[in-house]
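Results of the structural survey
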Amino acid sequence: MTLNRRSFLKRSFLCCLSMGAMSELFSSSPQAGETGDRKAMFFKKVEGNLLQCELCFRRCLIPEGQRGFCRVRENQKGELRSLVYGRPVGLQIDPIELEPMYHMVPGHKNLCVYTASCNFRCKHCHNWSISQSAPEQIRSLKFTPKEIVEETLKQGCQSISHSINEPTIFFEMMYDVVRTAKGRGLLTLCHTNGGIARTPMIELLKFLDGVTVDLKSFNPKFYQDISEAKLEPVLETLKTIRESGKHLEIVNLIIPTLNDDLDDIRKMSRWIVKHLGRETPVHFTRFSPQYKMTHLPPTPVKTLEGAMEIAKSEGMKYVYVGNVVGHPANSTYCPKCGKKLIERTHFIMLKNHVKNGCCPSCNEKIPGIWS
Ligand code: SF4
């Protein structure tokens, strides 16, 4: 059975905001230049009113009155502005495992923030109706970063994540949310495609506890052909996160015929072990036909298991199979003695035996944040 994040949300919608309350918070569709927008943090003037955005690897050159590739950053009279500041498309309450983030206080409630659009164009995107829409094509809410943090606390969540669409493109809002959230004792996360530039990533990491990164393939051609993006900046972002010491988990969505080459998965595994360490949790997740990829079948479970075996044979200690409900590799096992430490079925945590960050049987230290 395949259940991705979107279908999971449809089935078990945990958002505690009532739709009555939500309707009062909906904004009209923002138009260029008249949104509750905010000056961007990372850009420079090139000449005249031509600007260069320095937020992600694209480094768009943006003439006056135009937007960058991500559709949400606009040159307004020589100043770059974010059109989605304070305009989330949704706030959703999920189990933290849905990020996926398996090594961070298992089973707790997390509030996820997202906006319209993205800086990638993945043909297989599970959240394409959100990520491939410009802000004026989709209804949004009105929430300041402070209000998002207050809502998170009110709903009894222990963390805030920025996910579903690419959070880089709403950097200013995410930055203000995580800074405020840290002052209120919340855990902070982002789930990114890794295309962010190094300087903003370093700034953001000061206020993040954990990051989930999509490593979509180890083949640059996949990034170019399927996502209109590049592999190299993603690898640099992964190294930057590792240098920071913050908790990191990696997701590799395996799509039949496109990125299921086991030699590439071996190369990816070796790179992770060498540059990020064998203790980095990695999730091999199942593709389900979506968006422009409805002609492809769901990933065979055997392919995911083959990837898992390769990663383990290269020395990786925490390897998961995702989007396959009830698979034994939904759970966490001690790499030293083999004890089942955290029992899960899909994104639901059933039992957690980790004690003080260690295996209760052999005292092996388990990487992550446990309290
Ligand atoms: S964040 Fe948007 S505007 Fe800035 S470089 Fe990336 S795609 Fe271009």
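Residues numbered from 1 in each chain as written. Predicted model: local features only at pLDDT ≥ 70, side-chain atom pairs only at ≥ 80, totals over all residues.

**Focus on the overall build of the protein chain**
Helix and strand content of the protein chain: 10 helices and 19 strands. Over its C-alpha trace the protein chain gives a radius of gyration of 20 Å, about what one expects of a compact globule, namely 21 Å for 371 residues. Projecting the C-alpha coordinates of the protein chain onto the three principal axes gives extents of approximately 60 × 45 × 40 Å. Across the 371 residues that make up the protein chain, the buried fraction comes to 49%. (Helix = DSSP H or I, 4+ residues; strand = E, 2+ residues; numbered from the N terminus. Rg over C-alpha atoms; globule rule 2.2 N^0.38 Å. Buried ≥ 20, exposed ≤ 12 C-beta atoms within 10 Å, placed from the backbone.)

**What about the packing of helix H9 (residues 262-275) against helix H10 (residues 301-313)?**
One can describe the packing of H9 onto H10 by two numbers: an axis separation of 9 Å at closest approach and a directional angle of 35°. Both H9 and H10 take part in a crossing whose hand is right-handed. When H9 is examined against H10, the residues Leu262, Ile265, Arg266 and Ser269 are found in contact with a partner set consisting of Gly306, Ala307, Ile310 and Ala311. The residue inventory of the contact of H9 with H10, partitioned by class, reads 5 nonpolar, 2 polar and 1 charged. (Axes fitted to C-alpha atoms, helices over the stretch in contact; angles between N-to-C directions. Left-handed = near helix turned anticlockwise from the far one by under 90°. Contact = placed C-beta atoms within 7 Å. Nonpolar A, V, L, I, M, F, W, Y, C, P; charged D, E, K, R; others polar.)

**Focus on the nonpolar core**
With 91 residues, the main nonpolar core has Cys53, Val113, Met174, Val177 and Ala307 as its most contacted residues. No other element matches the 7 residues that helix H5 (residues 171-183) contributes to this core. A domain split of this core shows at least three residues from each of domain 1 (5-14 + 87-352) and domain 2 (27-82). If we ignore the near neighbours within four places in the chain, the residues touching Val177 are Val113, Pro145, Ile148, Val149 and Ile160. (Core = buried A, V, L, I, M, F, W, Y, C linked by C-beta atoms within 7 Å. Domains from an automatic or database assignment.)

**Looking at the site of the ligand**
Taken together, 13 residues lie around the ligand, and Cys53, Cys56, Cys60, Gly68 and Cys70 are the ones closest in. Each residue belonging to the shell around the ligand can be placed in one class, and the counts come to 7 nonpolar, 3 polar and 3 charged. Each of domain 1 (5-14 + 87-352) and domain 2 (27-82) contributes no fewer than three residues to the shell around the ligand. (Near = placed C-beta within 6 Å.)

**Things to note about the domain arrangement of the protein chain**
Each domain of the protein chain was delimited in the assignment, giving domain 1 (5-14 + 87-352) and domain 2 (27-82). Measuring from the centre of the C-alpha atoms in domain 1 to the corresponding centre in domain 2 gives 27 Å. If you look at the interface, domain 1 gives 24 residues, while domain 2 gives 20 residues. At the level of elements, strand S10 (140-141), H5 and helix H6 (198-205) are the ones that each hand at least two residues to the side of domain 1 that touches domain 2. Of the residues assigned to the side of domain 1 that touches domain 2, the class counts are 12 nonpolar, 6 polar and 6 charged.

**As for the sheet that holds strand S18 (residues 340-345)**
What the 3 strands build is an open sheet, ordered S17-S18-S19; its pairing is antiparallel. Bordering the open sheet on either side are strand S17 (332-333) and strand S19 (348-352), each of which pairs with just one other strand. Bridge analysis of S17 against S18 gives 2 bridges, and the strand direction is antiparallel. Paired with Thr332 across the two strands is Ile342, which belongs to S18. (Pairing = 2+ DSSP bridges.)

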